[in-house]
Amino acid sequence: MGFYKFLLSRVISFVLVVFIGITTVFFVPRFMPSDPVEAMIGKMTANQAFMEPEAIITLRETLNESFGLEGSIWDQYVGFVKRVIVTQDFGPSLASYPNPVNELIAKALPWTMGLLLVSTIIAWLIGNVVGLLAGFLKDKSYSKAMEAVSIMIYPIPYYILALVLIMLLSYIYPIFPLSATFQGEGFSWEHIKSVVYNSILPALSMILVGTGWWVISMKTLSSGIAEEDYVQFARLKGLSERKIMTKYVLPNAALPQVTMLALQIGTIFNGALITEILFGYPGIGTLIYTGILQADYNLIMGTITLSIIAVAMATFIVDFLYPFIDPRVRYK
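Residues numbered from 1 in each chain as written. Predicted model: local features only at pLDDT ≥ 70, side-chain atom pairs only at ≥ 80, totals over all residues. Heavy atoms only, no water.

**Considerations on the packing of helix α6 (residues 141-153) against helix α8 (residues 189-225)**
At step 1: Their axes nearest at 8 Å, the elements α6 and α8 cross at an angle of 125 degrees. Here α6 lies oblique to α8, going by the angle between them. Relative to α8, α6 is oriented so that their crossing is left-handed. Contacts between α6 and α8 involve Glu147, Ser150, Ile151 and Ile153 on the former and, on the latter, Leu208, Val209, Gly212, Val215, Ile216 and Lys219.
At step 2: In the contact of α6 with α8, the residues fall into six nonpolar, two polar and two charged. (Axes fitted to C-alpha atoms, helices over the stretch in contact; angles between N-to-C directions. Helix = DSSP H or I, 4+ residues; strand = E, 2+ residues; numbered from the N terminus. Parallel < 35°, antiparallel > 145°, perpendicular 65-115°, else oblique. Left-handed = near helix turned anticlockwise from the far one by under 90°. Contact = heavy atoms within 4.5 Å. Nonpolar A, V, L, I, M, F, W, Y, C, P; charged D, E, K, R; others polar.)

In structure tokens:
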């Protein structure tokens, strides 16, 4: 019975989060001062020959219908919710007309997932190992040194670090390219090598900053747990420090870190906006930037709705995995 109550409460929370999220995503772009349809007509009339007023009116009606901008704001909202829930179709992109938003997201998503998933997991692993050592063996000189380095790196915004890396490794020492340029196609060795080569610099900027945060948080957790009574009791029983660290401190300190990792993986679908722009990386962050710059409602709503659902789903899954990670947690 407790499980079903827990399941129902989490399903309701998931639905509410998604509903509030997509409602916000729908209304916020409509407060923007620019009108995407008028902007598109302006571009077309500027680049083409003279158009009759009747042709412009017909074009405006057609574009409004295609982009779901017909009728009152309530009609538009109902149509948007139906499209998202029933067909999962966000319509055509205004910035890349007539390409559908779903197609643009499908092309950009693998780039973002590849870059952010790898860099997030690497930063999580390194940060937690270093943080555990720094917290459990806090009197050692190397632990203090690792903590000091992490504290210095963590406050640096990742885009500042990215600019420093670009200056250092692309300009002063031209080891990596200034902007991503991919060679080959598909799963050819040339393409894979090119993707890895062009991804090293953006990934490095996120790994360095991400590692700093994980070190600090894990160090705080593990140093507090290392002072708990049951850990002191384990020492009195004569257990080795290594066993105490891996069997007593690590499992308890890892729980909040697993939760945060799941939430960060959910935010992967946001893309790394500034990093992707700085390095010319063709991911979701670049799509969001293009959508905002060109008032592309459909593209903004498509990318951000995907992100909201991903974060809500990640939280939902973590709630169910918790009892498997920590037997003390029950479905209540």
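**Describing empty space enclosed by the protein**
At step 1: All chains considered together, the criterion is met by one cavity of 30 Å³ or more.
At step 2: Computed from the structure, the largest cavity encloses a volume of approximately 50 Å³.
At step 3: Lining the largest cavity, in full, are Phe176, Pro177, Leu178, Ser179, Ala180, Tyr197, Asn198, Leu201, Pro202 and Phe279.
At step 4: Here the lining of the largest cavity takes four residues from α8, the largest share from any one element.
At step 5: For the lining of the largest cavity, the class distribution of residues is eight nonpolar, two polar and no charged. (1 Å grid on protein atoms, 1.4 Å probe; cavity = no way out; pocket = protein on both sides within 12 Å on 5 of 7 lines; lining within 4 Å. Points joined across faces, edges and corners; volume = space filled by probe spheres on them.)

**A few points about the packing of helix α5 (residues 101-136) against α8**
At step 1: Where α5 meets α8, the axes come as close as 5 Å, and the angle between the chain directions of the two elements is 35 degrees. Crossing handedness for the pair α5 and α8: right-handed.
At step 2: Residue classes in the contact of α5 with α8 are distributed as 19 nonpolar, 11 polar and one charged.

**Quick word on the nonpolar core**
At step 1: Counting 31 residues, the largest nonpolar core has Leu63, Phe67, Phe80, Ile284 and Leu287 as its most contacted members.
At step 2: Looking at this core, the elements that each hand over two or more residues are α1 (2-27), α2 (36-47), α3 (53-66), α4 (73-87), α5, α12 (284-293) and α13 (297-325).
At step 3: Contact partners of Leu63, with chain neighbours within four places excluded, come to Val37, Met40 and Ile41. (Core = buried A, V, L, I, M, F, W, Y, C linked by side-chain atoms within 4.5 Å. Buried < 20%, exposed > 50% of the residue type's maximum accessible area, 1.4 Å probe, protein only.)

**Re the packing of aromatic side chains**
At step 1: Taken as a whole, this structure holds 10 aromatic pairs when the rule is applied.
At step 2: Ring centres of Phe26 and Tyr77 lie 5.3 Å apart, and the angle between their planes is 65 degrees; on these two criteria the pair is classed as edge-to-face. Taken together, the positions of Phe26 in helix α1 and Tyr77 in helix α4 put the pair 51 residues apart, joining distant regions of the chain.
At step 3: Given a relative accessible area of 1%, Phe26 falls into the buried group.
At step 4: Owing to a relative accessible area of 7%, Tyr77 belongs among the buried residues under this scheme.
At step 5: Between Phe27 and Tyr77, the aromatic rings sit 5.6 Å apart at their centres with planes inclined by 25 degrees, giving stacked as the arrangement. Of this pair, Phe27 sits in helix α1 while Tyr77 is found in helix α4, placing the two residues 50 residues apart along the sequence.
At step 6: By relative accessible area, Phe27 is classed as partly exposed at 29%.
At step 7: An aromatic cluster is defined as three or more aromatic residues linked by ring pairs; in this entry it consists of Phe26, Phe27, Trp74, Tyr77 and Phe80. (Phe/Tyr/Trp six-rings, centres within 6.5 Å; stacked < 30°, edge-to-face > 60°.)

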